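A structural walkthrough
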Amino acid sequence: NQEKSANEGAAAAGKFTPGTYEGVSKGHGGEIKAMVTVSADKIESIEITADGETGSIGDGAVAQLTADIINTQSLAVDAVSGASESSAGIIEAVSLALEKAGANIADLKDPANKLIVEQTKQEDLNVDIVIVGSGGAGLSAAIEAKEAGKSVVILEQMPIIGGNTNRATGGLNAAETTIQEENGIKDSKQTFYEDTLKGGHDLNDPELLRTLVDNAPDAIYWLNDMGAGISRVSLSGGATNPRIHTPADGSAIGPVVVNVLSQKLKELEVDILLNSKAVKLIEQDGAVVGVEAIDKNENPFKVNAKAVILATGGFGANSEMVVQYRPELEGFSTTNHAGATGSGIVMAQEVGADLMQIEQIQIHPTTDPESGYMFTEGLRGDGAILVNKEGKRFTNELLTRDVVSQNILKQIDKMAYLITNQEMVDENASLAKYIKEGYATKGDDLSLLASELGIDSATLEATLKTYTQFVKDGKDTEFERVHLTQSLETGPYYAIPVTPGIHHTMGGVKIDTKTHVLKPDGHAIAGLYAAGEIAGGVHGGNRIGGNAVADIIVFGRIAGQTAAAELK
Ligand code: MEZ
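Residues numbered from 1 in each chain as written. Predicted model: local features only at pLDDT ≥ 70, side-chain atom pairs only at ≥ 80, totals over all residues. Heavy atoms only, no water.

**Quick look at the packing of helix α8 (residues 206–225) against helix α18 (residues 547–566)**
Applicable threshold: Interaxial angle, 0 to 180 degrees, is taken between N-to-C directions of lines fitted to C-alpha atoms, where a helix line uses only the stretch in contact. Helix and strand assignments come from DSSP, with helices taken as H or I runs of at least 4 residues and strands as E runs of at least 2, each series counted from the N terminus. Each angle is binned into one of four classes, with values under 35 degrees roughly parallel, values over 145 roughly antiparallel, values of 65 to 115 roughly perpendicular, and all other values oblique. We call two residues in contact when some of their heavy atoms are within 4.5 Å. Note on residue classes: Ala, Val, Leu, Ile, Met, Phe, Trp, Tyr, Cys and Pro are nonpolar, Asp, Glu, Lys and Arg are charged, and everything else, Gly too, is polar.
Contact geometry for α8 and α18: axes closest at 8 Å, N-to-C directions at 90 degrees. Classified by the angle between their axes, α8 and α18 sit roughly perpendicular to one another. Across the interface between the two elements, Leu208, Thr211, Leu212, Asn215, Ala216, Asp218, Ala219, Trp222 and Leu223 of α8 pack against Asn547, Ala550, Asp551, Ile553, Val554, Phe555, Arg557 and Ile558 of α18. Along the lines of polarity and charge, the residues of the contact of α8 with α18 split into eleven nonpolar, three polar and three charged.

Structure representation (structure tokens):
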């Protein structure tokens, strides 16, 4: 093997003084800190902290990151445990740390020192169960399968674990929980079921939906037993009662979920192969018996297994596939991570899986018009309102997201402003994060906010005055919003510009309540299971906010349990 590893290349070009060094970058969507550990001749590890969330960058990504510092190319590291850091910030922070380690960055940037990534080949593996995808569904499945005594490996095509779960913000829906009871909230599983069916335009598979509703409370207790600390309950669009469960301070749920699940897998000694992309399911005598994959250097390898669980997520980041099924969504940005390409759906189709409701694609009402970054629906649940460029409300903000999205698209420039105030910022860590990251315009009072936004101030003031009165009266006579929790009477005020973006692909592979992947004749494909956004039917024609996290944990766990129980 004539090729050098990226790390060896860096050493040849830069020479390190062994130790751990810190580099900090400010202003790339917040503060990004890199802790870089080097030996004399190579980078041993890189840990990134962005907005308090820490993620270790895997081997392949370390090599890629090093190469990027040298070639100043864009970095493919998409997210670090859900933080919305920019790759430029990571590169800057790592570069600063490497300089402290004695590396000469100018030398490193010289094309003559260009790195070549080592061509080490991932060996073929033999396990009981291979899980494709390391979002919440894949991680949950792995825990259950391993705890049932099976050998398990997870393949992840991206350089970090977590998939779209890293980006989940709002929370996890469940009804009749002890947490609701402690908060004095009356709710029922039947109301949860009916809200979801209504929100999904009655297209949900009733049995899958019943499975979701029945198992959601346990999903929360299971996560909390691992230390998730889910204890706050809020509202999401289309929910009759508060049932979206979040961490105590209202911060994003996804990173918490990924963190507790991955810690548990560490304890259980389950391997997760990063930068390892499954490309094809292996079949034998009509059953699925493993996957063909490629490693970070595109070398092929095989995982021979008695069962395969597909937990690859949806296809919200694959614009070609989105447009194939919904041409009118051309040009919409996406809230999804780059790995949401629908690869599992395609692999399952190749072995005869049936698809259901594949054209059902959800747009989320409140995303950043430039980047597609999502602002949680929880803000509206907690009391934020939407106004258009004329300074007027135009919708009940707590209708289901399909309706709110369509109402925003009818406004000038197909956008609106989410209006919140300081009182809300103080109570919601997610909102505080958006403001810190620079997404909001601030005005000490409404007239200053209006002039910053170029909105007529008399109209904006009148809109807020009317709304405050609705909250005081407990009745919104204009748009019939039912939950009126924040009067928004005092400033300072904040406005976040928003437009709808592609968020969730509700259709996918057809499964039964035990997560068997089904053929068009209704029979299961032996050895093949699917859970999470890859599967269709749970959410019907429109997913209620908070049901995706419930879905991945409930069905991920079932997939792991079922596959383990059915192993010959
Ligand atoms: O379930 C979701 O997609 C959700 C709650 C998103 C959000 O607005 O936070």
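**Concerning empty space enclosed by the protein**
Stated precisely, the cut-off is as follows: Here a cavity is any set of points on a 1 Å grid over the protein atoms alone where a 1.4 Å probe fits but cannot get out, and a pocket is any open set with protein on both sides within 12 Å along at least 5 of 7 lines; a residue lines the site when it has an atom within 4 Å of a point. Grid points are joined across faces, edges and corners, and a volume is the space filled by probe spheres set on the points.
In this structure the tally under the stated criterion is two cavities of 30 Å³ or more. Computed from the structure, the largest cavity encloses a volume of approximately 80 Å³. Along its surface, the largest cavity is lined by Thr169, Gly170, Arg232, Ser234, Thr246, Gly250, Ser251, Thr376, Gly378, Asp382, Asn428 and Ser430. For the lining of the largest cavity, the secondary structure elements donating two or more residues are β9 (230–234) and α12 (378–382). Along the lines of polarity and charge, the residues of the lining of the largest cavity split into no nonpolar, ten polar and two charged.

**Topic: the site of the ligand**
To keep it simple, the criterion reads: Note on definitions. A residue lies near a molecule or strand when any single heavy atom of the residue is within 4 Å of it. Counted as a polar contact is a pair of N or O atoms within 3.5 Å, where, for protein atoms, one must be capable of donating a hydrogen and the other of accepting one, and residues adjacent in sequence contribute only when both atoms are in side chains. For accessible areas, the Shrake-Rupley method is used with a probe of radius 1.4 Å. Any residue's cover is judged against the shown protein chains and nothing else.
Inspection of the region around the ligand gives Thr169, Gly170, Ile244, His364, Met374, Thr376, Glu377, Arg401, His503, Arg543, Gly545 and Gly546 as its neighbouring residues. At 2.5 Å, a side-chain N or O of Thr376 approaches an oxygen atom of the ligand. For the ligand, whose accessible area on its own is 270 Å², the fraction buried by protein is 95%. Considered class by class, the residues forming the shell around the ligand number two nonpolar, seven polar and three charged.

**A short note on the side chain of Asp295**
Tracing the sequence through the fold places Asp295 in the loop between β13 (287–294) and β14 (300–304). One polar contact links the side chain of Asp295 to the main-chain amide nitrogen of Gln122, over a distance of 2.9 Å.

**A look at the packing of aromatic side chains**
To keep it simple, the criterion reads: Here the aromatic set is Phe, Tyr and Trp, taking the six-membered ring for Trp, and pairing holds for ring centres within 6.5 Å; pairs whose planes are under 30 degrees apart are stacked, those over 60 apart are edge-to-face, and all others are tilted. Note on classification: 1.4 Å probe, protein chains only; a residue is buried when its accessible area is under 20% of the maximum for its type, exposed when over 50%, partly exposed between these limits.
A full pass over the atoms with the stated rule returns six aromatic pairs. Judged by centre distance (4.7 Å) and plane angle (10 degrees), the rings of Tyr373 and Tyr439 are stacked. Of this pair, Tyr373 sits in the loop between β17 (361–367) and α12 while Tyr439 sits in the loop between α15 (429–436) and β20 (441–443); the two residues are 66 residues apart in sequence, bridging distant segments of the chain. A relative accessible area of 19% places Tyr373 in the buried class.

**Considering the packing of helix α16 (residues 446–453) against helix α17 (residues 457–473)**
What counts here: For any helix crossing, the convention is left-handed if the near helix is rotated counterclockwise from the far helix by under a right angle, and right-handed if that rotation is clockwise.
One can describe the packing of α16 onto α17 by two numbers: an axis separation of 9 Å at closest approach and a directional angle of 130 degrees. Regarding the angle of α16 to α17, the classification is oblique. Here α16 runs over α17; the crossing is right-handed. In this structure, α16 uses Leu446, Ser447, Leu449 and Ala450 to contact α17, whose residues at the interface are Ser457, Leu460, Glu461 and Leu464. In terms of residue class, the contact of α16 with α17 is built from five nonpolar, two polar and one charged.

The values reported here are purely geometric and, on their own, carry no functional implication.
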